[in-house]
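# Commentary on secondary and tertiary structure
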Amino acid sequence: MLCQERIDARLNDAESLVRAGADIGDPQVFLRGLWLQVYECAPMHLRSAVLRRLHALSRQLGVHYVHGEHGASD
């Protein structure tokens, strides 16, 4: 389980990379990695906040990402 501080740190880092225009590779793979690293390891009471931030990141990246959905860009 990740604590709030670790979750915030990981998502803040990811958001900074996106804002800075860093080469993150395939946005779908980037978001899938965040989902597995952050959402899946977050306590249940923090998951809705993580989900909102992941959706905001997908909008910034201009992609539609739904965990477990195949075929969009796979």
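The structure presented is a predicted model; accordingly, all values stated were derived computationally and were not measured.

We now examine the overall build of the protein. Scanning the protein for helices and strands turns up three helices and zero strands. Listed by position from the N terminus, the elements making up the protein come as α-α-α. Compactness check: the protein gives a C-alpha radius of gyration of 12 Å against a globular reference of 11 Å for 74 residues, within 12% of the reference. For the protein, with 74 residues in total, the buried portion stands at 32%.

Here we come to the nonpolar core. Ile 7, Leu 11, Leu 34, Val 38, Val 50, Leu 54 and Leu 57 are the most contacted members of the largest nonpolar core, which has 17 residues in total. Of all the secondary structure elements, the ones that give two or more residues to this core are helix 1 (4-20), helix 2 (27-39) and helix 3 (47-61). In terms of residue count, helix 2 provides more of this core than any other element does, six residues in total. Aside from chain neighbours lying at most four places away, what touches Leu 11 is Val 38, Val 50, Arg 53 and Leu 54.

This part covers the environment of Leu 31. Note on placement: Leu 31 falls in helix 2. It is 7.4 Å that separates the C-alpha atoms of Leu 31 and Tyr 65, two residues lying 34 residues apart in sequence.

In this section: the side chain of Glu 15. Mapped onto the elements of the fold, Glu 15 is located in helix 1. A polar atom in the side chain of Glu 15 sits 2.8 Å from the side chain of Arg 53. Discounting residues that sit within four places of it in the chain, Glu 15 has contacts with Arg 53 and Leu 57.

Taken as a whole and judged by the stated rule, the model has one aromatic pair. One Lys or Arg, Arg 47, reaches over the ring of Tyr 39 and ends 4.9 Å from the middle of that ring.

As a further point, take helix 3. Compared with the 21 Å implied by 1.5 Å per residue over 15 residues, the 21 Å span of helix 3 between its first and last C-alpha is a close match. Every buried residue of helix 3 is listed here: Arg 47, Val 50, Arg 53, Leu 54, Leu 57 and Ser 58. The arc enclosing the buried residues of helix 3, seen along the axis, measures out at 145°, which places them on a common side. Across helix 3 from its buried face, at more than 90 degrees, point the exposed residues Arg 52 and Arg 59. The elements touched by buried residues of helix 3 are helix 1 and helix 2. With its phi angle positive at about 75°, Gly 62 sits one or two positions after the end of helix 3.

Conventions used here
- Residues numbered from 1 in each chain as written.
- Predicted model: local features only at pLDDT ≥ 70, side-chain atom pairs only at ≥ 80, totals over all residues.
- Heavy atoms only, no water.
- Helix = DSSP H or I, 4+ residues; strand = E, 2+ residues; numbered from the N terminus.
- Rg over C-alpha atoms; globule rule 2.2 N^0.38 Å.
- Buried < 20%, exposed > 50% of the residue type's maximum accessible area, 1.4 Å probe, protein only.
- Core = buried A, V, L, I, M, F, W, Y, C linked by side-chain atoms within 4.5 Å.
- Contact = heavy atoms within 4.5 Å.
- Polar contact = N/O pair within 3.5 Å; in protein donor to acceptor, adjacent residues only side chain to side chain.
- Phe/Tyr/Trp six-rings, centres within 6.5 Å; stacked < 30°, edge-to-face > 60°.
- Lys NZ or Arg CZ within 6 Å of the ring centre and 35° of its normal.
- Expected span 1.5 Å × (residues − 1).
- Arc of directions from axis to C-beta.

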